[in-house]
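# Descriptive analysis of the structure
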Amino acid sequence: QVQLVESGGGLVQAGDSLRLSCAASGGTLTRHNMGWVRQAPGKEREFVAAVSWGTRDTFYTDSVKGRFTISRDFAKNSIFLQMNGLRPEDTAAYYCAATRSGVHLTKAYEYWGRGTQVTVSS
């Protein structure tokens, strides 16, 4: 059974940076795309960024392009999200997730971490 554990969230001011980490245990996520999904209170879960398994391409939602960078350590079964230039609208619980299908639809993800909170004040 695969477990995903996120860390690195916190309370920061607008313009600050955070680096999120996700460690997977219980098995290597072969053939899985891995990414980050966020959810603000009262809103649907939103795809943020992902790294594909096959081509190792990266994908981002438009609102974070140029500010966030996703990376993946395939040997250590981990992913990271470097978040620069944080904005109040980035405030959400950030979840590490894995899927064997498409990355842009949150319902496609089959493994989920419990989330790490990112709060950005203005």
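In the block above lies the structure referred to throughout.
In this report, we go over the structure that sits alongside the text. (Residues numbered from 1 in each chain as written. Predicted model: local features only at pLDDT ≥ 70, side-chain atom pairs only at ≥ 80, totals over all residues. Heavy atoms only, no water.)

## Side note on the pairing of strand β3 (residues 18-25)
On β3, burial follows the alternation: Leu18, Leu20, Cys22 and Ala24 on one face are buried, whereas Arg19, Ser21, Ala23 and Ser25 on the facing-out side are not. Of the strand pairs in this sheet, strand β1 (residues 3-7) and β3 are connected by five bridges, and their pairing is antiparallel. Opposite Glu6, over in β3, you have Cys22 as the bridge partner. Sheet topology places β3 next to strand β8 (residues 78-83); six bridges connect them, and they run antiparallel. Bridge assignment links Leu18 to a residue of β8, and that residue is Met83. (Buried < 20%, exposed > 50% of the residue type's maximum accessible area, 1.4 Å probe, protein only. Helix = DSSP H or I, 4+ residues; strand = E, 2+ residues; numbered from the N terminus. Pairing = 2+ DSSP bridges.)

## Quick word on the pairing of strand β9 (residues 92-99)
Most of β9 sits inside the fold, with eight of its eight residues counted as buried. Summarising the sheet, strand β4 (residues 33-39) and β9 pair through seven bridges and their orientation is antiparallel. If you follow Arg38 over to β9, its bridge partner there is Tyr94. Where β9 lies against strand β11 (residues 116-121), three bridges are found, and the strand directions are antiparallel. Of the residues in β11, the one forming a bridge with Ala92 is Val118. Sheet topology note: the β9/strand β10 (residues 111-112) ladder contains two bridges and is antiparallel. What sits directly across from Ala98, in β10, is Tyr111.

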